[in-house]
Amino acid sequence: MAADVALSQALAYARDLRNLYEVTRAREQEVERARDKLRAAYQQSLTYAVDLKKTHRKLQSSILQSLLGLANALEAKDEYTRGHSDRVATLARRLALAAGLGAREVVTIAQSGLLHDLGKIAVPERILRKAGPLTDDEWQVMRRHPLTGAQIVAPLEFFADGALIVRHHHERHDGSGYPDGLSGETIPVGARIIAIADVYDALTSDRPYRRALDHRGAHERMTAEADHTLDGRLLGIFFDKVIDAPPGPSGRD
Ligand SMILES: [Fe+2]
C-alpha cells in the first residue's frame with residue numbers, strides 16, 4: 001500500500017517536472033523568437049541609417065552644386081569679374097597639387113576657389129561696380145564678403161574646411177589682412193593658396209580702374225609681396241611650377 005502511494009507520488013512529481021520542462025521550453029522558444037525579431041529590427045535600422053546618411057550627403061552635394069551655379073551667375077553679370085572664380089579655382093588646384101597636398105584637400109581648395117567671393121552677393125552693385133576708389137564705409141561693406149560667404153556655406157558639414165578657406169582668403173601673411181588678422185601658417189593653407197591665385201588673376205585682368213598687367217608685371221609685383229602679404233614658399237612654387245611650367249602633352253588646363 002505504502003509502495004503504491006510512493007509510486008503515485010513519484011508519478012505526480014514526474015508529471016509536474018515534465019509540465020515545468022515544457023513551460024520552460026516554450027518560454028525559451030519565445031525568447032529566441034523575440035531575439036530574432038530584435039536582431040532583424042536592428043539590422044533594418046542600420047540599413048535605414050546608412051540610407052539616410054547617403055541621402056543627406058546627396059542633398060548636401062546638390063546644395064553645393066547650386067551654390068557653385070549661383071557664384072557663377074553672380075560673376076557673369078560683370079564683364080570685369082566674368083570667369084574670375086573659374087580661373088582662381090584652376091590656378092589654386094594646380095598650386096595645391098604642385099605643393100604636394102592630398103587629393104581630397106585639392107578638391108576642397110578648387111571648390112573654395114569657385115566659391116571664395118560668393119559673399120559678394122550681399123554687397124550692393126553700386127559698390128561692386130564702382131569705377132573710382134571706395135570710401136571707408138564702402139570698404140567696410142566690401143570687407144564683409146569673406147564672412148558672408150563662409151556663413152552661406154556653413155550648413156554644408158562636409159565642406160567645413162572649405163568654409164574656413166572662404167572665410168580666410170583675404171588674410172595676409174604678415175597679419176594685415178581680414179577678417180581675423182591671422183598670420184603665417186595660422187592661415188589655412190587652402191586660403192594662402194587661394195590668395196595667391198586670386199591676386200595673380202586680379203593683376204592679369206582688366207579692372208575698371210586699371211589695365212591688366214602682363215605675366216612679367218604680375219610676377220614682379222607679387223614677388224615683392226613674398227613673405228609680406230603672400231606666403232613666400234607657396235609663391236615660389238606658384239611661379240616655378242604652376243605659371244612658368246612648360247605645357248604638358250595636352251597643353252595647359
Ligand atoms: Fe574676395
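Definitions and limits used
Starting from 1, residues in each chain are numbered consecutively following that chain's sequence as written. This being a predicted model, a pLDDT of at least 70 is required before a residue's local features are given, and a value of 80 or more before pairs of side-chain atoms are given or counted; all residues contribute to the totals for chains, interfaces and linings. A run of H or I in DSSP counts as a helix once it spans at least four residues, and a run of E counts as a strand once it spans at least two, with each numbered from the N terminus. Note on method: radius of gyration uses C-alpha positions; expected globular size equals 2.2 Å times residues raised to 0.38. The term nonpolar core means buried Ala, Val, Leu, Ile, Met, Phe, Trp, Tyr and Cys residues held together as one set by C-beta atoms within 7 Å. With C-beta atoms placed from the backbone, a residue is buried if 20 or more other C-beta atoms are within 10 Å of its own, exposed if 12 or fewer are, and partly exposed between those counts. We call two residues in contact when the distance between their C-beta atoms, placed using the backbone, is within 7 Å.

**Student:** Just checking my understanding: could you explain the overall build of the protein chain for this structure?
**Tutor:** A count of helices and strands for the protein chain gives 10 helices and 0 strands. When the helices and strands of the protein chain are read in sequence order from the N terminus, they spell out α-α-α-α-α-α-α-α-α-α. For the protein chain, whose C-alpha radius of gyration is 33 Å, the value lies well above the compact-globule estimate of 18 Å for 253 residues. Principal axes of the C-alpha set define a box for the protein chain whose edges measure 125 × 40 × 35 Å.

**Student:** Can you walk me through the nonpolar core in this structure?
**Tutor:** The nonpolar side chains of soluble globular proteins are, as a tendency, buried together. Of all hydrophobic cores here, the largest spans 34 residues; its most connected members are Ala 92, Leu 95, Ile 109, Ile 193, Ile 194, Ile 196 and Ala 197. Every element with two or more residues in this core is listed here: helix H2 (84-98), helix H3 (103-115), helix H6 (145-153), helix H7 (160-167), helix H8 (189-203) and helix H10 (232-243). The element best represented in this core is H8, accounting for 7 residues. Every residue in contact with Ile 194, bar those within four places of it in the chain, is listed here: Val 88, Ala 92, Ile 109, Ser 112, Gly 113, His 116, Ile 165 and His 169.

**Student:** Teacher, can you tell me more about unusual backbone geometry here?
**Tutor:** What you tend to see is this: most non-glycine residues have negative phi, and most peptide bonds are trans. Look at the link from Tyr 178 to Pro 179: it is a cis peptide, with omega at 10°. Mapped onto the secondary structure, Pro 179 falls in the loop between H7 and H8. At Asp 227, a position not held by glycine, the phi torsion is positive, near 60°. By the secondary structure assignment, Asp 227 is in the loop between helix H9 (215-223) and H10. Judged by C-beta crowding, with 12 C-beta atoms within 10 Å, Asp 227 ranks as exposed.

**Student:** Would you take a moment to explain the environment of Gly 175 for this structure?
**Tutor:** You can see Gly 175 is positioned in the loop between H7 and H8. Apart from residues no more than four positions distant in its own chain, Gly 175 is found in contact with Gly 181, Leu 182 and Ser 183.

Read these as layout, nothing more, since geometry by itself doesn't imply function.
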